[in-house]
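# Observations on chain architecture
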2 protein chains.
Amino acid sequence: MPTTSEKTPGDTDERAHNAPDKGAFERDTRYITDRITADAAPGDPTGPRVGEMTWPVEAGRYRLVAARACPWAHRTVIVRRLLGLEDAISLGLAAPTHDVRSWNFGLDPGGTDPVLGIERLQQAYFARVPDYPRGITVPAIVDVPTGQVVTNDFAQITLDLGSEWREFHRDGAPDLYPEALRAEIDAVNREVYTEINNGVYRCGFAGDQESYDAAYERLWAALDRLEERLTDRRYLVGDTITEADVRLYPTLVRFDPVYHGHFKCNRSKLSEMPALWGYLRDLYQTPGFGDTTDVSQIKEHYYVVHHELNPRGIVPDGPDLAGLKTPHGRERLGGRPFGDGTPPGPVPAGERVTG
Amino acid sequence: MPTTSEKTPGDTDERAHNAPDKGAFERDTRYITDRITADAAPGDPTGPRVGEMTWPVEAGRYRLVAARACPWAHRTVIVRRLLGLEDAISLGLAAPTHDVRSWNFGLDPGGTDPVLGIERLQQAYFARVPDYPRGITVPAIVDVPTGQVVTNDFAQITLDLGSEWREFHRDGAPDLYPEALRAEIDAVNREVYTEINNGVYRCGFAGDQESYDAAYERLWAALDRLEERLTDRRYLVGDTITEADVRLYPTLVRFDPVYHGHFKCNRSKLSEMPALWGYLRDLYQTPGFGDTTDVSQIKEHYYVVHHELNPRGIVPDGPDLAGLKTPHGRERLGGRPFGDGTPPGPVPAGERVTG
């Protein structure tokens with residue numbers, strides 16, 4: 001049963017939690033750490049208290065609530081699709097913008113999630129923990145019968161989808177976290193999380209120039225290391241797509257449209273980094289990645305929600321991202337995206353990205 | 001005596017005047033339109049009222065107050081240097097940031113302009129017009145004996161430096177507004193002013209999404225036209241540097257470091273437009289252009305002064321602009337920057353850009 005050293009939450013409500021007036025940005029890393037496991041007894045969850053309970057794997061019981069906008073949620077949407085878990089775990093999608101209290105289901109008819117019957121994700125958190133005091137984050141897995149949040153521990157969610165839900169994987173599903181590569185994947189994930197996934201937020205939410213300058217230096221040093229790593233290897237670890245690539249991609253695909261300008265991560269665009277740009281295009285063109293990416297919702301989320309960074313809420317019309325669809329030439333580095341497996345089939349009709 | 005169809009002011013105090021809460025940005029175009037002319041009688045200015053008076057050309061009498069940060073002032077600094085007027089008209093430089101009332105001389109010892117003896121440019125405006133009600137803008141030409149602003153009509157200032165001050169031009173000074181090309185220069189200037197110089201502000205200061213979207217479309221349509229125009233000609237008009245190039249350059253050199261992110265002019269970076277990027281590098285490497293460009297002060301100005309766009313006042317550390325110094329290959333298009341004239345010599349020691 002894999003665990004992770006990456007103890008982190010999802011995309012918290014940034015206006016409430018992530019935007020210090022001064023000094024460096026630090027992410028709130030407390031969250032609901034229950035797990036869904038293959039060996040848990042059927043029926044009610046067991047365990048001493050919230051955060052330490054286990055729930056049984058059961059097709060049709062849980063709903064993954066994500067948002068196209070959120071990079072932490074994006075990981076889970078990618079993995080669910082790569083593994084073919086669409087029929088086992090349904091997907092609810094929150095709207096790209098939210099207020100200080102909660103993500104909401106404004107994209108759904110009547111502004112209500114059709115399965116959970118709630119308007120605000122906060123309701124599922126409160127169903128689990130009355131007056132839940134922390135950020136209402138996506139991704140969250142919700143127990144449909146009770147409407148309660150089971151877990152919002154996104155780092156663990158993708159690992160458990162890979163290991164605990166094997167019974168429901170599609171034929172040809174890849175092993176995103178192969179035993180032999182776990183030590184290397186864990187090491188890469190630690191670096192990618194602290195320096196890249198969170199590094200862009202550290203730039204954007206820095207409360208003063210000194211903190212920003214330090215964050216910028218640290219981010220670009222890490223991007224330079226990644227650029228070098230990806231110059232002669234097609235994927236981050238091994239020669240197939242792994243959990244490591246899944247965790248890096250959501251940040252990279254948001255880089256030029258959001259982090260470059262909005263978070264002032266602007267030494268260059270990612271499109272000016274040959275290896276990273278080729279790697280991003282390669283993944284973007286791989287089923288599971290580009291077809292789960294909604295740039296419109298991504299831009300709307302950041303530019304509208306972060307009032308303290310962009311008071312007028314105007315969303316830039318650029319950049320032109322047509323380049324994402326151009327040939328990347330990364331095949332010459334060898335590797336096969338799905339190894340001995342196969343790519344996922346078409347995106348189910350109800351889940352297609354429109355933006 | 002050339003006049004101009006470009007009736008526009010300098011960089012007004014944007015917090016007071018340029019930042020509507022809603023709707024489209026419109027520049028305040030009222031200003032002090034006195035002129036300094038070669039045929040004016042020595043001594044006091046003559047004319048019926050402020051804005052319609054003429055002052056005599058007289059070496060050592062006037063001080064050009066500019067700011068490295070301001071694109072409208074940058075034009076005048078370039079032209080003064082190209083024409084070799086440094087000894088005839090001294091240069092005062094306001095600090096990159098200013099408050100709601102005025103540009104100030106915070107870069108000078110004691111925060112006081114050493115020639116005018118004032119701390120705030122507002123004092124020179126008030127000396128001319130008590131309680132002067134409009135924006136305190138640079139560039140402004142100040143009459144040193146009285147400390148009064150003569151003119152802040154930047155579009156006319158550069159033309160008059162070219163025509164009225166010929167007596168004091170250096171040997172080899174270029175003709176930036178040659179008779180035979182004036183109609184074409186005027187036409188290009190009109191387009192560059194409304195669509196580019198002001199077009200970037202229209203994007204940045206749009207008060208709502210609809211105004212921004214329209215401004216963005218209009219800006220990029222114009223940049224596409226310029227890209228095409230500059231593909232097979234080295235300069236905008238004729239085969240030497242003219243007033244038209246002087247007016248475009250300050251916007252282009254600010255594009256990637258400021259307008260791209262801060263004003264959301266982000267379809268692409270200018271460095272992704274081959275002709276414009278080559279043209280910008282060509283000018284940047286020409287005496288009078290790059291050597292009057294202070295990117296640090298430019299970035300500080302925009303990102304600190306526009307509190308309504310960037311509340312935390314954090315200045316991005318990017319982009320990397322090393323590319324400005326790379327070979328541009330534009331010589332193949334023919335043309336000579338200074339025609340039958342010569343480039344200006346080294347920048348006077350006290351006027352060197354440090355940022």
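Residues numbered from 1 in each chain as written. Chains lettered and ligands numbered in written order. Predicted model: local features only at pLDDT ≥ 70, side-chain atom pairs only at ≥ 80, totals over all residues. Heavy atoms only, no water.

We now examine the overall build of chain A. Within chain A, the regular secondary structure consists of 10 helices and 6 strands. A globule of 355 residues ought to have a C-alpha radius of gyration of about 20 Å, and chain A, at 19 Å, matches this closely. Here the C-alpha coordinates of chain A stretch approximately 50 × 50 × 35 Å along the principal axes. Counting the 355 residues in chain A, one finds 61% classified as buried. Sequence-distant contacts, at least 24 apart, represent 72% of the contacts inside chain A between residues at least 6 apart. On chain A, roughly 12,900 Å² of surface is accessible, and the fraction owed to carbon and sulfur atoms is 49%. Positive and negative charge centroids in chain A, built from 40 and 54 side chains respectively, lie 2 Å apart. (Helix = DSSP H or I, 4+ residues; strand = E, 2+ residues; numbered from the N terminus. Rg over C-alpha atoms; globule rule 2.2 N^0.38 Å. Buried < 20%, exposed > 50% of the residue type's maximum accessible area, 1.4 Å probe, protein only. Contact = heavy atoms within 4.5 Å. Areas by Shrake-Rupley, 256 points an atom, 1.4 Å probe, with all protein chains shown as cover. Lys, Arg positive; Asp, Glu negative; His and termini not counted. Charge placed at Lys NZ, Arg CZ, Asp CG, Glu CD.)

Residues and elements named next belong to chain A. Under the domain assignment, chain A is made up of domain 1 (16-168) and domain 2 (179-351). The centre of domain 1, based on its C-alpha atoms, is set 22 Å off from the matching centre of domain 2. Facing the 34 residues of domain 1 at the interface are 40 residues of domain 2. Summed over both sides, the interface between domain 1 and domain 2 buries roughly 3,100 Å², with carbon and sulfur atoms accounting for 58% of that surface. The largest contributions to the domain 1 side of the interface with domain 2 come from Arg68, Arg81 and Leu82, which together make up 24% of the buried area. Scanning the region where domain 1 abuts domain 2 turns up 2 salt bridges. For Arg81, the salt bridge identified is with Asp291, shortest N-O distance 2.8 Å. Linking domain 1 with domain 2 are 14 residue pairs in polar contact (both at pLDDT 80 or more), by the criterion used here. When contributions to the side of domain 1 that touches domain 2 are tallied by element, the ones reaching two or more residues are α2 (71-83), β4 (90-94) and α4 (154-163). (Domains from an automatic or database assignment. Buried area = accessible area lost by both parts, 1.4 Å probe. Salt bridge = Lys/Arg side-chain N within 4 Å of Asp/Glu carboxyl O. Polar contact = N/O pair within 3.5 Å; in protein donor to acceptor, adjacent residues only side chain to side chain.)

For the rest of this paragraph, the subject is the packing of helix α5 (residues 182-197) of chain B against helix α8 (residues 243-262) of chain B. Residues and elements named next belong to chain B. Across the interface, α5 lies against α8 with an axial gap of 9 Å and an inter-helix angle of 10 degrees. In this view, α5 runs roughly parallel relative to α8, as classed from their interaxial angle. Across from Ile185, Val188, Asn189, Val192, Ile196 and Asn197 in α5, the residues of α8 making contact are Glu243, Ala244, Arg247, Leu248 and Thr251. (Axes fitted to C-alpha atoms, helices over the stretch in contact; angles between N-to-C directions. Parallel < 35°, antiparallel > 145°, perpendicular 65-115°, else oblique.)

Residues and elements named next belong to chain B. Enumeration according to the criterion identifies 40 salt bridges over all chains in this entry. Two residues, Arg61 and Asp143, come together in a salt bridge whose shortest N-O distance is 2.6 Å. You can see Arg61 sitting in the loop between β2 (54-56) and β3 (62-67) and its partner Asp143 sitting in strand β5 (residues 140-143), a full 82 residues away along the chain. Residue classification places Arg61 among the buried positions, given a relative accessible area of 10%. Salt-bridge contacts for Asp224 lead to Arg267; the nearest nitrogen and oxygen are separated by 2.7 Å. One end of the pair, Asp224, is in helix α7 (residues 209-229); the other, Arg267, is in the loop between α8 and α9 (274-284), with 43 residues separating them in the sequence. Residue classification places Asp224 among the partly exposed residues on the basis of a relative accessible area of 34%.

The subject of this paragraph is the interface of chain B and chain A. Between chain B and chain A, the residue contacts involve 33 residues of the former and 33 residues of the latter. Buried area between chain B and chain A, both sides added, is near 2,500 Å², and the carbon and sulfur share of it is 45%. Area buried by chain B at its contact with chain A is led by Arg312, Ile314 and Asp317 of chain B, which between them contribute 28% of it. Put simply, chain B and chain A have 2 salt bridges between them. Salt-bridge contacts for Lys269 of chain A lead to Glu272 of chain B; the nearest nitrogen and oxygen are separated by 2.8 Å. Viewed at the interface, chain A and chain B are joined by 18 residue pairs in polar contact (both at pLDDT 80 or more).

What follows is about the side chain of Lys269 of chain A. Secondary-structure assignment places Lys269 of chain A in the loop between α8 (243-262) and α9 (274-284). Here Lys269 of chain A is in contact with Asp256, His260 and Pro319 of chain A together with Ser268, Lys269 and Glu272 of chain B, once residues within four sequence places are set aside.

So, about the sheet that holds β4 of chain A. Residues and elements named next belong to chain A. Spatially, β4-β3-β5-β6 is the arrangement adopted by the 4 strands of the open sheet, whose pairing is mixed. The sheet is open, and its two edges are formed by β4 and β6 (148-151), each paired on a single side. This sheet shows a mean twist of 40 degrees between the axes of neighbouring strands, independent of strand direction. Bridge count between strand β3 (residues 62-67) and strand β5 (residues 140-143): 4 bridges; the pairing is antiparallel. Bridge assignment links Tyr62 to a residue of β5, and that residue is Asp143. (Pairing = 2+ DSSP bridges.)

This next bit is on the packing of aromatic side chains. All names here are of chain B. Tallying each qualifying case throughout the model produces 44 aromatic pairs over all chains. A centroid spacing of 4.9 Å and a plane angle of 50 degrees characterise the contact between Trp72 and Phe154, whose relative ring orientation is tilted. In this pair, Trp72 sits in helix α2 (residues 71-83) while Phe154 sits in helix α4 (residues 154-163), placing the two residues 82 residues apart along the sequence. A centroid spacing of 5.8 Å and a plane angle of 90 degrees characterise the contact between Trp220 and Phe255, whose relative ring orientation is edge-to-face. One end of the pair, Trp220, is in helix α7; the other, Phe255, is in helix α8, and 35 residues separate them in sequence. Phe255 gets classed as buried once you look at its relative accessible area, which sits at 1%. (Phe/Tyr/Trp six-rings, centres within 6.5 Å; stacked < 30°, edge-to-face > 60°.)

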